[in-house]
Amino acid sequence: MNEKDDLLTQIKYLEEQAKPLDSTEEERSLLLNAVNNYTEDFLKSLPSQKTYEVAGYEKQKGDAFFEIDDESSGIDCLLSFITKRVDKPGLNPPSGGHFAYIPAGGLYASALADFIAAVSNRYAGVFFASPGAVRTENALIRWAGRLVGYTGDFGGNLTSGGSLANMIAVAAARDTRNIKARDVEISVIYTCSQAHHSLIKALKVTGLGECIVRMIDTDEHYRMDMRHLKKQIDEDKRAGLKPFLLFGNAGSTDTGAIDPLEEMATISSTYGLWFHVDAAYGGFFLLLEEGRKKMKGIHLADSVILDPHKGLFIPYGSGIVLVKNVRHLLAANSYDAHYMQDAQGADYEYSPTDLSPEMSKHFRGLRMWIPLKLYGTKPFVSSLEEKLLLTRYFYEEVRKLGFHTGPYPDLSVVVFWYVPAQGDANAYNKGIMESIKQDGRVFISTTTIDGQFVLRFVALSFRTHIEQVDILLQILRDHRKQNS
Ligand SMILES: *Cc1c(COP(=O)(O)O)cnc(C)c1O
């Protein structure tokens, strides 16, 4: 055999060996059928599944199967392993009984959209590569921008979540305000105890970790105190420091508090601060008249983030960053690489890669676009409104049970706690949390506010209805009876 034949024989052999990767129609049909059976079993059993399954931390027999090796396995074997060892232990986010942290969604239509996006694998990073995919994503950015109240040359990016969205906004703020390494130690950032920790993380990863961070006081509604803010900025200016960035909350994670956004915008423009609003949790309540009233002034922010995987019920992996002036986002992210010299079409639409640190990326727009086009926005509006009413219902009912509560809920978060006639209140409330965990049908979380251990209820899942709230109230009622 000559050298060329030898090479061709090897190539053919490898082609044969790699065949499983390129499935046939029959194989695809078997796989899809198995997956459909699995997802149907999952969804049909969801109402009776626990919202929180205690334990599962210890290694179990058979856990070696998590590890990757050279063996191949059948799809049924994989799905049954996932059912037992992935779906079971821990929190069950798509459950309607999920009242903890920020509840998640998981629209089925989004899952199918992900499937489509993964099969067609459109290159959504650059306009010329997939004008259709980029148009889909930019249409979502325009919709979200209008929702916030932006007009004119705003821009944005679909991110993997709120943390990355905050990071992109902070990087744009840094570059627009021209904060160089030498300025970091004298640059000042204003926030409050209600801010999400991802903002502090965003400062760290954007090289701003050594800026001065001022924790401004909050009022009895956990909203930032404007007098303290102004006083602090004045003091900082007098001390020769460089006030530069103000973080506001439009629905804080802990308590759902909405800061006085309009006043914060005025202060920001007076002092030349970049005003960033974190609406990761609260943002989609802007779909409601009530939300728009409560978040009045949000359109004045230089940047805003929202999390579709929270208030729009999309599965995890969807955040949005919006920047009032798209040029600021472009300046912080675009780069001319010579291997991209064939890229065209910049005059028609912005490319996501020029507005974020990502380049090759998941075509994540489709998971939002398909449900919004399929259902229209009305069912989303109704579900969010239902959540506000369920929250009010819970607030009233839990008080009737003798619990103390935080302020009347701005959105769909209630913090509550019981003060027993004798004994330690923190221990008593930890006991309640333990009862809820042991029961497992519903799940809440806890937080610490002003040094006090409190219980925390959030309604945000499209599967959460009055039944689940009543189950929680019943558990609380039973606990009170057994421990009075
Ligand atoms: C959830 C949340 C974040 C972080 O978003 P991820 O999507 O979890 O990365 C930031 N801010 C607020 C207010 C949030 O609720």
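Provided above is the structure to which this section pertains.
Residues numbered from 1 in each chain as written. Predicted model: local features only at pLDDT ≥ 70, side-chain atom pairs only at ≥ 80, totals over all residues. Heavy atoms only, no water.

Looking at the site of the ligand
Okay, step 1: Lining the immediate environment of the ligand, one finds 15 residues, of which Gly-162, Ser-163, Asp-278, Asp-307 and Lys-310 sit closest.
Okay, step 2: The contact in question runs from an oxygen atom of the ligand to an N or O atom on the side chain of Asp-307, over 2.6 Å.
Okay, step 3: Take Lys-310: an N or O atom from its side chain is 2.8 Å from an oxygen atom of the ligand.
Okay, step 4: Calculation on the ligand without its partners gives an accessible area of 380 Å², and the protein chains cover 86% of this total.
Okay, step 5: At the level of secondary structure, the elements contributing two or more residues to the shell around the ligand comprise α6 (162–176) and α11 (308–311).
Okay, step 6: Considering every element that reaches the shell around the ligand, the biggest residue donor is α6, with three residues.
Okay, step 7: For the shell around the ligand, the per-class residue count stands at three nonpolar, nine polar and three charged. (Near = heavy atom within 4 Å. Polar contact = N/O pair within 3.5 Å; in protein donor to acceptor, adjacent residues only side chain to side chain. Areas by Shrake-Rupley, 256 points an atom, 1.4 Å probe, with all protein chains shown as cover. Helix = DSSP H or I, 4+ residues; strand = E, 2+ residues; numbered from the N terminus. Nonpolar A, V, L, I, M, F, W, Y, C, P; charged D, E, K, R; others polar.)

A few points about the packing of α6 against helix α7 (residues 197–205)
Okay, step 1: One way to put it is that α6 packs onto α7 with a least axis distance of 9 Å and a crossing angle of 50 degrees. Relative to α7, α6 is oriented oblique. The element α6 and its partner α7 pack so that their crossing is right-handed. Between α6, through Ser-163, Asn-166, Met-167 and Val-170, and α7, the contact on the second element is made entirely by Ser-198, Leu-199, Ala-202, Leu-203 and Val-205. (Axes fitted to C-alpha atoms, helices over the stretch in contact; angles between N-to-C directions. Parallel < 35°, antiparallel > 145°, perpendicular 65-115°, else oblique. Left-handed = near helix turned anticlockwise from the far one by under 90°. Contact = heavy atoms within 4.5 Å.)

Brief notes about the side chain of Arg-85
Okay, step 1: Within the fold, Arg-85 resides in helix α3 (residues 75–86).
Okay, step 2: By relative accessible area, which is 13% here, Arg-85 ends up buried. (Buried < 20%, exposed > 50% of the residue type's maximum accessible area, 1.4 Å probe, protein only.)

Things to note about the packing of aromatic side chains
Okay, step 1: Under the counting rule described, the total for this entry stands at 17 aromatic pairs.
Okay, step 2: An angle of 70 degrees between the planes, with centres 5.7 Å apart, marks the rings of Phe-403 and Phe-416 as edge-to-face. Residue Phe-403 is located in the loop between α14 (378–400) and β10 (404–405), and its partner Phe-416 is located in strand β11 (residues 413–417); the two are separated by 13 residues in the primary sequence.
Okay, step 3: Overall, the relative accessible area of 5% leaves Phe-403 in the buried class.
Okay, step 4: Across from the ring centre of Phe-453, 5.2 Å away, lies the NZ or CZ of Lys-430, which sits over that ring. (Phe/Tyr/Trp six-rings, centres within 6.5 Å; stacked < 30°, edge-to-face > 60°. Lys NZ or Arg CZ within 6 Å of the ring centre and 35° of its normal.)

A short note on the sheet that holds strand β13 (residues 452–458)
Okay, step 1: Reading across from one edge, β10-β11-β13-β12 is the order of the four strands in this open sheet, with antiparallel pairing throughout. Looking at strand neighbours, the two that pair on one side only are β10 and β12 (445–449), the edges of this open sheet.
Okay, step 2: One ladder, built from four bridges, connects β11 with β13; its direction is antiparallel. Considered in β13, the bridge of Val-413 is made with Val-458.
Okay, step 3: The strands that α14 touches are β10, β11 and β13; relative to β11, the one it contacts most, it runs at about 10 degrees. (Pairing = 2+ DSSP bridges.)

Examining empty space enclosed by the protein
Okay, step 1: Enumeration over the complete set of coordinates arrives at two cavities of 30 Å³ or more.
Okay, step 2: Approximately 90 Å³ is the volume attributed to the largest cavity.
Okay, step 3: Partitioning the lining of the largest cavity into residue classes produces eight nonpolar, four polar and two charged.
Okay, step 4: The volume enclosed by the second largest cavity comes to roughly 40 Å³.
Okay, step 5: As for the second largest cavity, its lining consists of Glu-137, Asn-138, Ile-141, Gly-156, Asn-157, Leu-158, Pro-352 and Leu-355.
Okay, step 6: Contributions of two or more residues to the lining of the second largest cavity are made by α5 (131–148) and β3 (155–159).
Okay, step 7: Within the lining of the second largest cavity, the residues separate by chemical class into four nonpolar, three polar and one charged. (1 Å grid on protein atoms, 1.4 Å probe; cavity = no way out; pocket = protein on both sides within 12 Å on 5 of 7 lines; lining within 4 Å. Points joined across faces, edges and corners; volume = space filled by probe spheres on them.)

Regarding the pairing of β3
Okay, step 1: Among the five residues that make up β3, five are buried, leaving the element largely enclosed by the rest of the structure.
Okay, step 2: Summarising the sheet, β3 and strand β9 (residues 319–323) pair through five bridges and their orientation is antiparallel. The residue bridging Leu-158 from the neighbouring strand is Ile-320, located in β9.

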